[in-house]
Amino acid sequence: SHGWISRVARSALAIPGISEISLERLNDTDVKQFEALRDELEGQAIFFLSGQGRLPNRELVKIQQIKHILQELDKRAMQLGREPSIDVMGYSSPVGSQSTNILLSKMRAQKVLEILSESPLQVLKLLAIGKGVDPDVQSFAGEGEGYSTSRRVSFKVVESGITQTREVGARIGW
């Protein structure tokens, strides 16, 4: 649908009697699918055990799902002429020193990025970022060696210069 919208936007004013084109109420299904995939990716997280940068076996299934999401997102981005980057953000729990947590979070992000990079992408760029401790996430006493929401890798799709979806309509002047 995006290709059709682009062609209409480029050629509509060349049609006799069309004096203006409005893209205000058109739903571009390609953009909607891209946004749904973006939201799905940004809702994913890979969890780690305390003090470890090695990917736990139980998270490998999620990695395969994320690879599939990235492949689809890459296809949609290419169709739309977009070149977004994906921040692969590693986090740590507040246990330990700040320098250790930054290093551990970077190691986690890099490990996930390495696995995701095994599948070729056309336009998406992946970037590993170690964030350290996430101040917005509470770690709870008693979590022990289990998985914690603070010890994770999450994802953010970053785009620059993208305008919002517009809708199409035409005004006919007589």
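Below you will find a few notes about this structure. (Residues numbered from 1 in each chain as written. Predicted model: local features only at pLDDT ≥ 70, side-chain atom pairs only at ≥ 80, totals over all residues. Heavy atoms only, no water.)

**Topic: the packing of aromatic side chains**
Here is step 1: Under the counting rule described, the total for this entry stands at zero aromatic pairs.
Here is step 2: In this structure, arginine 82 packs its charged tip against the face of phenylalanine 34, placed 4.8 Å from the ring centre.
Here is step 3: A cation sits over an aromatic face here: arginine 152 above tyrosine 91, 4.0 Å from the ring centre. (Phe/Tyr/Trp six-rings, centres within 6.5 Å; stacked < 30°, edge-to-face > 60°. Lys NZ or Arg CZ within 6 Å of the ring centre and 35° of its normal.)

**Here's the deal with the sheet that holds strand 2 (residues 45-47)**
Here is step 1: Pairing is mixed in the open sheet, where four strands are placed in the order 2-5-3-4. Because the sheet does not close on itself, it has two edges, and the strands there are strand 2 and strand 4 (125-133). Averaged over all pairs of adjacent strands, the angle between their axes in this sheet comes to 25°, without regard to strand direction.
Here is step 2: Bridging between strand 2 and strand 5 (residues 152-158) involves three bridges; their strand directions are antiparallel. Across the sheet, isoleucine 46 pairs through a bridge with valine 153, a residue of strand 5.
Here is step 3: With respect to the sheet, helix 3 (residues 60-80) is in contact with strand 2, strand 3 (85-92), strand 4 and strand 5, its orientation differing from that of strand 2 by roughly 155°.
Here is step 4: Taken strand by strand, helix 4 (residues 98-116) contacts strand 2, strand 3, strand 4 and strand 5, and its axis lies near 155° from that of strand 4. (Pairing = 2+ DSSP bridges. Helix = DSSP H or I, 4+ residues; strand = E, 2+ residues; numbered from the N terminus. Axes fitted to C-alpha atoms, helices over the stretch in contact; angles between N-to-C directions. Contact = heavy atoms within 4.5 Å.)

**Structural notes on the nonpolar core**
Here is step 1: Ranked by size, the top nonpolar core spans 27 residues in total, and within it Leu41, Ile46, Leu73, Ile86, Val88, Val112 and Phe155 carry the most contacts.
Here is step 2: Those elements that provide at least two residues to this core are helix 2 (29-42), helix 3, strand 3, helix 4 and strand 5.
Here is step 3: Not counting the four nearest positions on each side in its chain, leucine 73 is found in contact with Phe34, Leu37, Arg38, Leu41, Ile86, Leu124 and Val157. (Core = buried A, V, L, I, M, F, W, Y, C linked by side-chain atoms within 4.5 Å. Buried < 20%, exposed > 50% of the residue type's maximum accessible area, 1.4 Å probe, protein only.)

**Points about the environment of proline 120**
Here is step 1: In this fold, proline 120 is placed in the loop between helix 4 and strand 4.
Here is step 2: For proline 120 and aspartate 74, which are 46 residues apart along the polypeptide, the C-alpha to C-alpha distance reads 9.7 Å.

**What to know about the pattern of salt bridges**
Here is step 1: Per the stated rule, a full pass over the model turns up nine salt bridges.
Here is step 2: When the shortest N-O distance is used, the salt bridge between arginine 38 and aspartate 39 registers 3.2 Å.
Here is step 3: A relative accessible area of 45% means that aspartate 39 is categorised as partly exposed.
Here is step 4: Where glutamate 59 meets arginine 58, a salt bridge forms, and the shortest distance between an N and an O atom there is 3.4 Å.
Here is step 5: Via salt bridges that share partners, Arg58, Glu59 and Lys62 belong to a single interconnected network. (Salt bridge = Lys/Arg side-chain N within 4 Å of Asp/Glu carboxyl O.)

**Remarks on the pairing of strand 3**
Here is step 1: Within strand 3, seven of the eight residues are buried, which leaves it mostly tucked inside the rest of the structure.
Here is step 2: Strand direction decides the pairing type here: strand 3 and strand 4, joined by eight bridges, are parallel. Across the sheet, the residue bridging to isoleucine 86 is leucine 126, located in strand 4.
Here is step 3: The handedness of the strand 3 to strand 4 crossover, carried by helix 4, is right-handed.
Here is step 4: As defined by bridge partners, strand 3 adjoins strand 5 across six bridges and the pair is classed as antiparallel. What sits directly across from valine 88, in strand 5, is phenylalanine 155. (Right-handed = clockwise from strand over helix to strand, strands pointing away.)

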